[in-house]
Amino acid sequence: MTSMELYSKGASVWIPDPDAVWVSGLLLQDYNPGEKHLLLQLSDGTEAQYPVVSPSDLPPLGNPDILEGGNDLTALSFLHEAAVLHNLRVRFLDYSSIYTYCGIVLVAINPYDQLPIYGEEVIDAYSGQDMADMEPHIFSVAEEAYRTMTREEKNQSIIISGESGSGKTVSAKFTMRYFAVVGGASQQTSVEDRVLASNPIMESIGNAKTTRNDNSSRFGKYIEIGFGRKGDIIGANMRTYLLEKSRVVFQASAERNYHIFYQLCASRELPEMRSLKLDAPEHFRYTSQGGEMQIPGTDDLSDLERTRNAFTVLGVQPDQQMELFTILSAVLHLGNVNIQASGRNSDRSYIDADDRPLAVFSKLLGVEGPQMAHWLCHRRLAVGGELLVKPVSGQQAVEARDALAKHIYGQLFSWTVQRLNSALRSQRGQAKSFTGVLDIYGFETFDRNSFEQFCINYANEKLQQQFNRHVFHLEQEEYVREELAWSRIEFSDNQQCINLLDGHLGLFDLLDEECRMPKGSDESYVLKLYDQHLTSKKHPHFQKPRMSNSAFVVLHFADTVQYECDGFLGKNRDTVFEELINILKASQSELVAELFQQLGTASSVANGSVRSGKRAAREHKLTVGFQFRQSLQMLMDTLNNTTPHYVRCIKPNDLKEAFMFDPRRTVQQLRACGVLETIRISAAGFPSRWTYEEFFSRYRLLLRGAQGQEEAQASCRQALPRLIPDPDQYCFGKTKVFFRAGQVALLERLRAERLRVAAVIIQSRVTGWLARVRYTRIRWATLTIQRYCRGALARRLALTLRYTKAAVVIQKTYRMVAVRQLFLLIRQATITIQAFTRGTSARRRHRLLVAERAAVVLQARVRGWLARRSYGRVRAAVVFMQCCARRGAARRELMTLKTEARSVERFRELNKGMEVKLMQLQLRADQEARDGAALKETLHAERGATSAELEALRATVQKLESQKRDKPPPCPVISEKEVEERKKAEEKAAQEVLQLTQELQALQREKDSFCKEREDLSARLFDHEKAQEECVHQAVSHASAGLRAELDEERRKYQGLLREFTRLEQRYDNLREMSLLTEHTKGHRRTDSTQSLSLEPHSPTPLSPQSLTPLSLSPFPPAFPSPEEVRRVSVTSPSVERRASVWSIETPMDRLMEMMDVAKGPAVKMKGEDLAHAYDAVRVANKFLESQLRNQCSQTEEELEALRCQLSQAIFGSSSAAQQQELQGLLEAREQECVRLRRELKELKNTASLRRLLAQVFDPETSSCPSRTKPAAVTGLLECRKRDEAKLLKTLITDIRGDGALSLPPGLPASVLFLCVRQADCSGDQTLARSLCSATVTAMKAALKKHSNDVDMTALWLKNTCLLHDLLTQHSPKQTLDSDDVVPLTVDLSDLIRALSDLCIQAYQQLLSITEKRLQNIIVPALLESENIPGLSGSAGKLGTSRKRAGSDPRSAGVDAPTLAAVLRELGALHTALSRQDLPPTLMEQAFNQLTFLISASAFNSLLLRKDMCCWSRGMQIRYNVSLLEEWLRSRGLQTGGAVATLEHLIQAVQLLQAGKKTESDARALVQTCTALSSQQIVKILTLYTPHSDLDERVTVNFIRTVQGLLKGRSEGQPPQLLMDVRRVFPVTFSYSPPTVFRAEQLVIPDSLKISFLRRA
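Residues numbered from 1 in each chain as written. Predicted model: local features only at pLDDT ≥ 70, side-chain atom pairs only at ≥ 80, totals over all residues. Heavy atoms only, no water.

Q: Is there a simple way to think about the sheet that holds strand 24 (residues 730-732) in this case?
A: Within a sheet, each strand pairs with its neighbour through backbone hydrogen bonds, oriented either parallel or antiparallel. Across the sheet, which stays open at both edges, the three strands sit in the order 23-25-24 with antiparallel pairing between neighbours. The sheet is open, and its two borders are formed by strand 23 (688-691) and strand 24, each paired with just one other strand. Looking at each pair of strands side by side, their axes are set apart by 20 degrees on average, direction ignored. Relative to strand 25 (residues 736-739), strand 24 runs antiparallel, the two being bridged by three bridges. Note on strand 25: the bridge partner recorded for Cys731 is Phe738. In this fold helix 24 (residues 712-723) packs onto strand 24 and strand 25, with an angle of close to 160 degrees to the strand it touches most, strand 24. (Pairing = 2+ DSSP bridges. Helix = DSSP H or I, 4+ residues; strand = E, 2+ residues; numbered from the N terminus. Axes fitted to C-alpha atoms, helices over the stretch in contact; angles between N-to-C directions. Contact = heavy atoms within 4.5 Å.)

Q: How should I be thinking about unusual backbone geometry in this particular structure?
A: Peptide bonds are mostly trans, and most non-glycine residues show a negative phi. Backbone geometry places Tyr112, a non-glycine residue, at a positive phi of 55 degrees. Within the fold, Tyr112 resides in the loop between strand 6 (105-109) and helix 2 (120-126). For Tyr112, a relative accessible area of 21% puts it in the partly exposed group. If you check the backbone angles, Ala254 has positive phi at about 65 degrees while not being a glycine. Looking at where Ala254 falls in the secondary structure, it is placed in the loop between strand 11 (233-241) and helix 6 (259-266). (Buried < 20%, exposed > 50% of the residue type's maximum accessible area, 1.4 Å probe, protein only.)

Q: Honestly, the environment of Lys983 in this entry has me stumped. Any pointers?
A: By the element assignment, Lys983 lies in helix 28 (residues 976-1082). Here Lys983 falls in the partly exposed class, since its relative accessible area comes to 45%. Sequence-wise, Lys983 and Ala877 are 106 residues apart; in three dimensions their C-alpha atoms are separated by 9.6 Å.

Q: Would you explain a negative patch on the surface in this entry?
A: Together, Glu976, Glu978, Glu980, Glu981 and Glu987 make up a negatively charged patch on the protein surface. Of the residues examined, Glu981 reaches a relative accessible area of 45% and is grouped as partly exposed. (Patch = residues over 30% accessible without salt bridge, like charges linked within 9 Å, V, L, I, M, F, W, Y side chains within 5 Å. Areas by Shrake-Rupley, 256 points an atom, 1.4 Å probe, with all protein chains shown as cover. Salt bridge = Lys/Arg side-chain N within 4 Å of Asp/Glu carboxyl O. Lys, Arg positive; Asp, Glu negative; His and termini not counted. Charge placed at Lys NZ, Arg CZ, Asp CG, Glu CD.)

Q: Where do I start with helix 12 (residues 394-424) in this structure?
A: In an α-helix there are 3.6 residues to a turn, and that puts residues three or four apart on one side. With 31 residues, helix 12 extends 45 Å from end C-alpha to end C-alpha; this agrees with the ideal 45 Å at 1.5 Å per step. Among the 31 residues that make up helix 12, 24 are buried, leaving the element largely enclosed by the rest of the structure. (Expected span 1.5 Å × (residues − 1).)

Q: What's the story with the pairing of strand 11 in this structure? I'm lost.
A: Regular strands show a simple pattern: their side chains alternate between the two faces of the sheet. Most of strand 11 is tucked away, with seven of its nine residues classed as buried. Connecting strand 10 (residues 220-227) to the antiparallel partner strand 11 that follows it, the hairpin turn spans five residues, and Gly231 within it adopts a positive phi of roughly 80 degrees.

Q: Explain the pairing of strand 4 (residues 47-51) to me, please; I cannot follow it from the model alone.
A: In this structure, strand 3 (residues 37-42) lies alongside strand 4, joined through five bridges in antiparallel fashion. Counterpart to Leu39 in the pairing with strand 4 is Gln49. Between strand 3 and strand 4, which pair antiparallel in sequence order, lie four residues; one of them, Gly45, sits at a positive phi of approximately 95 degrees.

Q: Even after reading the chapter, I still don't get the sheet that holds strand 3, so can you show me in this structure?
A: Spatially, 1-2-3-4 is the arrangement adopted by the four strands of the open sheet, whose pairing is antiparallel. The sheet is open, and its two borders are formed by strand 1 (12-17) and strand 4, each paired with just one other strand. Direction aside, neighbouring strands of the sheet carry axes that sit 50 degrees apart on average. Sitting on the sheet, helix 1 (residues 81-94) touches strand 1 and strand 2 (21-27), and the angle it makes with strand 2 is about 100 degrees.

Q: Help me out: how do you make sense of the packing of helix 11 (residues 369-376) against helix 18 (residues 578-585) in this one?
A: Any two packed helices are characterised by how steeply their axes cross, that is the angle between the axes, and by the distance between the axes. Put simply, helix 11 and helix 18 touch, their axes get as near as 9 Å, and they point 165 degrees apart. Relative to helix 18, the element helix 11 lies roughly antiparallel. The element helix 11 and its partner helix 18 pack so that their crossing is left-handed. Here helix 11 contributes Gln371, Met372, Trp375 and Leu376 to the contact with helix 18, which in turn contributes Glu579, Leu580, Ile583 and Leu584. Residue classes in the contact of helix 11 with helix 18 are distributed as six nonpolar, one polar and one charged. (Parallel < 35°, antiparallel > 145°, perpendicular 65-115°, else oblique. Left-handed = near helix turned anticlockwise from the far one by under 90°. Nonpolar A, V, L, I, M, F, W, Y, C, P; charged D, E, K, R; others polar.)

Q: Help me understand the packing of helix 9 (residues 318-335) against helix 12 in this model?
A: It is the contact of helix 9 with helix 12, at a shortest axis distance of 9 Å, that shows an interaxial angle of 160 degrees. When the axis of helix 9 is compared with that of helix 12, the two are roughly antiparallel. Considering the relative orientation of helix 9 and helix 12, their crossing is left-handed. Of helix 12, the residues touching helix 9 (which contributes Gln320, Leu324, Ile327, Leu328, Val331, Leu334 and Gly335) are Arg401, Leu404, Ala405, Ile408, Tyr409, Leu412, Trp415, Thr416 and Arg419. Partitioning the contact of helix 9 with helix 12 into residue classes produces eleven nonpolar, three polar and two charged.

Q: Before we go on, may I ask you to explain the nonpolar core in this structure?
A: Side chains of nonpolar character tend, in soluble globular proteins, to be buried together. Of all hydrophobic cores here, the largest spans 312 residues; its most connected members are Phe179, Ile260, Phe325, Met372, Leu507, Tyr525 and Phe552. Counting 20 residues, the second-largest nonpolar core is a separate cluster that includes Phe695, Tyr699, Leu703 and Ile724. (Core = buried A, V, L, I, M, F, W, Y, C linked by side-chain atoms within 4.5 Å.)

Q: Before we go on, may I ask you to explain the confidence of the model for the protein in this structure?
A: As a general rule, the predicted coordinates of low-pLDDT regions are not to be interpreted in detail. Overall, the predicted model of the protein reaches an average pLDDT of 79, with 79% of residues at or above 70. In the predicted structure, residues 185-189 sits below a pLDDT of 50 and forms twelve contacts with residues beyond four places in sequence or in another chain. When the criterion is pLDDT under 50, residues 1210-1218 qualifies, and its contacts beyond four places in sequence or with other chains add up to 15 contacts. (pLDDT = per-residue confidence, 0-100.)

Q: Sorry, what's going on with the pattern of salt bridges here?
A: Applying the stated rule across the entire model yields 39 salt bridges. In this structure, Arg306 engages Asp303 in a salt bridge whose closest nitrogen and oxygen atoms are separated by 2.0 Å. Of this pair, Arg306 and Asp303 both sit in helix 8 (residues 300-313), three residues apart, which is roughly one turn of that helix. Given a relative accessible area of 46%, Arg306 falls into the partly exposed group. Arg665 serves as the salt-bridge partner of Asp654, at 2.9 Å between the closest nitrogen and oxygen. With a gap of eleven residues between them, Asp654 in the loop between strand 22 (643-650) and helix 21 (663-673) and Arg665 in helix 21 connect regions that are remote in the sequence. Note on Arg665: relative accessible area 8%, which makes it buried. One network of salt bridges, in which partners are shared, links Glu163, Lys651, Asp654 and Arg665.

Q: Quick question: what am I supposed to make of the side chain of Gln1370 here?
A: With respect to the secondary-structure elements, Gln1370 resides in helix 41 (residues 1351-1370). A relative accessible area of 5% places Gln1370 in the buried class. Within the local environment of Gln1370, its side chain forms a polar contact with the backbone oxygen of Pro1635, the two atoms lying 3.0 Å apart. (Polar contact = N/O pair within 3.5 Å; in protein donor to acceptor, adjacent residues only side chain to side chain.)

Q: Explain a nonpolar patch on the surface to me, please; I cannot follow it from the model alone.
A: Together, Ile762, Val766, Trp769 and Leu770 make up a nonpolar patch on the protein surface, roughly 400 Å² of accessible area in all. Structurally, Leu770 is set in helix 25 (residues 743-902).

Q: Teacher, can you tell me more about the packing of aromatic side chains here?
A: Geometrically, a pair of aromatic rings is defined through the distance of the ring centres and the angle of the planes. Taken as a whole and assessed by the stated rule, the structure comprises 30 aromatic pairs. A ring pair is formed by Phe1488 and Trp1528, whose centres lie 5.9 Å apart and whose planes are at 45 degrees; its orientation type is tilted. Of the two residues, Phe1488 is situated in helix 45 (residues 1481-1504) and Trp1528 in helix 46 (residues 1512-1531); the sequence distance between them amounts to 40 residues. Note on accessibility: Phe1488 and Trp1528 belong to one class, buried. With a centroid separation of 5.2 Å and an interplanar angle of 85 degrees, the aromatic rings of Phe1493 and Phe1626 are classed as edge-to-face. You can see Phe1493 sitting in helix 45 and its partner Phe1626 sitting in the loop between helix 50 (1597-1607) and strand 27 (1655-1656), a full 133 residues away along the chain. Through a chain of ring-to-ring contacts, three or more aromatic side chains come together here, namely Phe451, Phe454, Tyr458, Phe508, Tyr525, Phe542, Phe552, Tyr563 and Phe568. The ring of Phe467 has Arg648 sitting right over it, with the charged end atom 4.9 Å from the ring centre. (Phe/Tyr/Trp six-rings, centres within 6.5 Å; stacked < 30°, edge-to-face > 60°. Lys NZ or Arg CZ within 6 Å of the ring centre and 35° of its normal.)

Right, here's the structure in full:
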């Protein structure tokens, strides 16, 4: 298949477009040779015809979809401008990827937005990784340069170029940061910090606002970073090129001068700046020409503050800064000097004597104003050996003034660069190698191009030539390495253009020659150019403009540029008169004199020339063009001697909008920066390169026969001649097969055709199989239907017969039931009639009996009613009498209650509060209960009296009845009036009784309401208490959580300080060893005996001051001698005289005076007796204060207890508001009292410390041996004599070996040493106990340093350190005793316990550091690259694999890649070491939690930066590897400590790779599943997702946008971060567990330890 056949229907092509540069289209019909048009369908759906005159006019073909968005442009099948532009657009807009490889070039597109891809976690992810394995990044280029430098020991260069505003300075800044982090600057202030601190300075004096960029660098710079032998940064140096000095005196429209001038004008109101006499920038000529005084979004005043801070960092003193600002202000005033013309033809000029700007300029620079005015308007000439003074015209005077201003600024710029280099200069000798970072201007073309653009474009021509040759050289190296039979690749060399510029009689030579002419002018220079390069011999790269005679055109490699010659000679000469320089040399300002004194001796680059009256013979060497060519040649020599790395920065749009892509501006820069030239060179050879394995994996289906992976090369060699008939289109190498441009697309088409044919065959077979299956199913269904139909008919017949029989039975039964029901109805009616008849007769007889009975009852009731009526009258009279008496008493009681109710006191008592009300109600209820009881008793008594009276009345009634029966009834005695009165009295009594009853009921209801109210209040009070308890509980829980978080943070910071202290201590030891080696090499020095005594103790040394606290590294002496110094003297020299040699009397006296705020003069004269009296007075005062404090404490405790009781009563009793305020006032008073007591306690403590100090000063023997109680007798200890102390430590700690140490029981050395310390303490020798304990700590620290790479030994000493710490803590005098068997120590070892705690943390950190170092390089290969599921990812190769750059370090194929077994092996070794030493499970869980986080974060970060890992098959492999790691952790019971939870990020990322990514429901499922991932991480993985094979599809942009929309609702508490922080350290917590009490007899001490010299006590 030829390339013509690729233009078939459906093929994608690119056609030119005036707006989008290139637009895509699809062929609607096949192209046949000879056709004049192509029928296309454009991307917007319209149809168009593309003219084709010849086959060479065919439009470029589009690449396959699977190559879209590739990270290397050279991996594209069709290499042309349209493909490059489209790929950059897709990566920039759709994937938000600003970096793309183009062979050896990194293309960086400025996003105009802050991206989270430059943190330290990103640096860690790229550190040590191969360039081809990671996503394109500026850090990847920096890592490649650093690795090549350290591996090959060859200098490197990173060339960063681009237009103004494309991001060159930012890229250089990030490159410097990467080198500083990876190289690890060893000085106290790293070089990176100094270089970054210099950025504000260089931006202020070297950057300005242009029409294209608000912060454009108007100079080039090359920074050399020097590295030492270990790859650490030891220094740096900066070189600058071609400062645009013309901007000082002239600015185009909408542009500004250098930022520093506007910063000074903005700070004119500052007190220190008022002497500069500055004004607003619009009042100065040098700052107002462009019309732009302010840049939106910038603050010149704050920028000046940053500039001044940067000067301070670089070591420039404030007075020198003010001198520098004075010179800059003088330049502004110089521009305002008014030069006036005079004479007949204006051939003279003068300056007024009272010209204020000149006076200010002269005063600021310290020069003579009249002399400056004179020599600005005159010049000195040498004529015939005589010196003449000639006046100059006004225009010439203005040019002289501007030349002086430019010269002053140029000298100041050079001086600043020199100061920067002196601050960055290495202090540790010559660097072994360096890496240079070149931040230089790119190709420039404006509407009007002058001398600056001419020099800049010349520099870019030289850099482009070097770039082309380097790319060609790399291609040649690749072909030679693969042993290809290759021919020379033709590429466009710009040597002719360079010869035009700097060759013999070139543009620069003619310009210098014209500058030497006495009457040289720009017009004559142009005529010489026309005559030399057009008339005599026409140059192909030189043209004359049609409409101008003062310009020329140069055909550069990037574009055709027209240069205007106005000002060429003046800018090239850049001369300033010697008389003006001499005036500045005589300046009173030291900085001004320093700037211009060096002018005659130093040949600074591009600083111009000094012109005197006698013309020098070598004046041409001082032109700007000549100096620039010299500096550029030095730069090219440097670059040619280094390995270059290229970064091309692209400005995507001129509007500075975030992620906006302008294709016309982009393609213009691609042509100018050499990216397309790289494409052309690659396309001229074999741009597509595949390893044989990749080719075999991808195109296996095009091969014939059964082939194996091991025969891939032979299979490829046999199949390619058949697939590609033209042998010139491919070539076989040693490890790769090479294809020319378009051949991969051809193979892809063959593969697609083969797949299509195979799909047709498969479809036919599948269709036949489906038809057969369908026929079989239809036949089976038919038979089944027939069978079911026959069965249904048979069942229907049987059902009919059954229904017939059932109907007969139902009819028979129905007739029988009807007859039976009729019989039963007749029978029931007969019985009913009989029953009713009999009932009627019975009821009639019953009514007769009832009537008789009723008459009898009526008679009895009438008789009874008459008797009761008589009795009632008697009883009513008695009751009436009682009621009258009780009514009077009740009325009186009611009046009393009403009076009380209406009284003020009553209302006051009712309103006292709920508590008083409840108490009154309770009392009232109790009173009513008591009254009720009394009433009951009275009722019983009344009932008894009534019953007795009733009996008496009955007896009287009976007697009267008997008398009545015996006698005739007497006449009534009671008259009717009495009867009426009695009735009225009874009615009145009844009304009063009723009223009393109603009042009683009202009181009862009131009582019930009060009871209910009390119950409600109790319930509300209970609920309120419950709510208060819940609130308190929640507040306590929140506070405790916050405190725990703060504690963890403080613990983490403290442990980080310990880690840093350990590192600094190690560094100090290294420096000490180096200094000792230096001293030994110089010769033996004799030292004082006291120094040798204190600095060189016997081995093993006691605990040094550096080993206890980080404060020991402070450069200031401590306020008091450390306990270790006192202990060291007490151990090595027991006499008081030697103790005094370390702690003299004079030093504590000074410190005592400092604490007591006493002046040194009087205190020195004080005698010992006076201080002793003062000490006694302080002691007596202390005793008095202590007793007073105890009394106040006891009183306070009692008052607090009383307040608690009152508060509890108030809470349970629901006290009133007044009481609560009173209690609040009491509480506030008590709190103030507590604060006062705490203050007095603090003062008392200070006084106590002062007392101890005085005691140590005046009674050292007493202070060294304080009074103590007699130690208790303890048995089962080990005694170590003083002379055996060093031997014991050497045996147990220093000389212990690995095998022997691991065979010991866990913690045996610590147990033996503790028994020895315990015995020394019990024997009363506290000095020996403290000495032995501190020496043990020192020896353990030395043992840890000795075994800094051994996991087993580090775990052993971690166990012993923890055990010794727990034992000393358990027996500490300050510790609460857990049991009666524990006897506390008498000596206070709290400082050593703290040192042991720190040593435990250091041992734990060292243990993790060892394992992390071993895991660091195998995590990514083991979890991401290893294939534990064979054949899963080898079924289809990845088409868009980015090729490795030539010269990169190829990984050895023979070395086995690390697998997950290696990771589990390292983790298993750590687990075995910890388990062997019987360390606590919580400590093991914390250790593995830290390690699994490191594994997860490293793998996750690498996954986010590697596109080849983001596919479905690789996700399966990674998930399987992570599951193996999870299973390993669970099998050892480590999942409870959070070790498995730290893998959640990696697990969810793998789930994201394996999940569906098409529909909206898939998007919702992804968002719900990936809860641990941030929005940026999810989008990044979806963006990097690469199809594994043709069956998979790329994630669409719409799906990614849908996911982003769903993620907007997620609230993330932490700031967005793309990568995980690999350096995150979890704080470790050592749980205190009191060890069991043991004795020496219980220890199993092997004889191999040889500690028989210890005696049992």
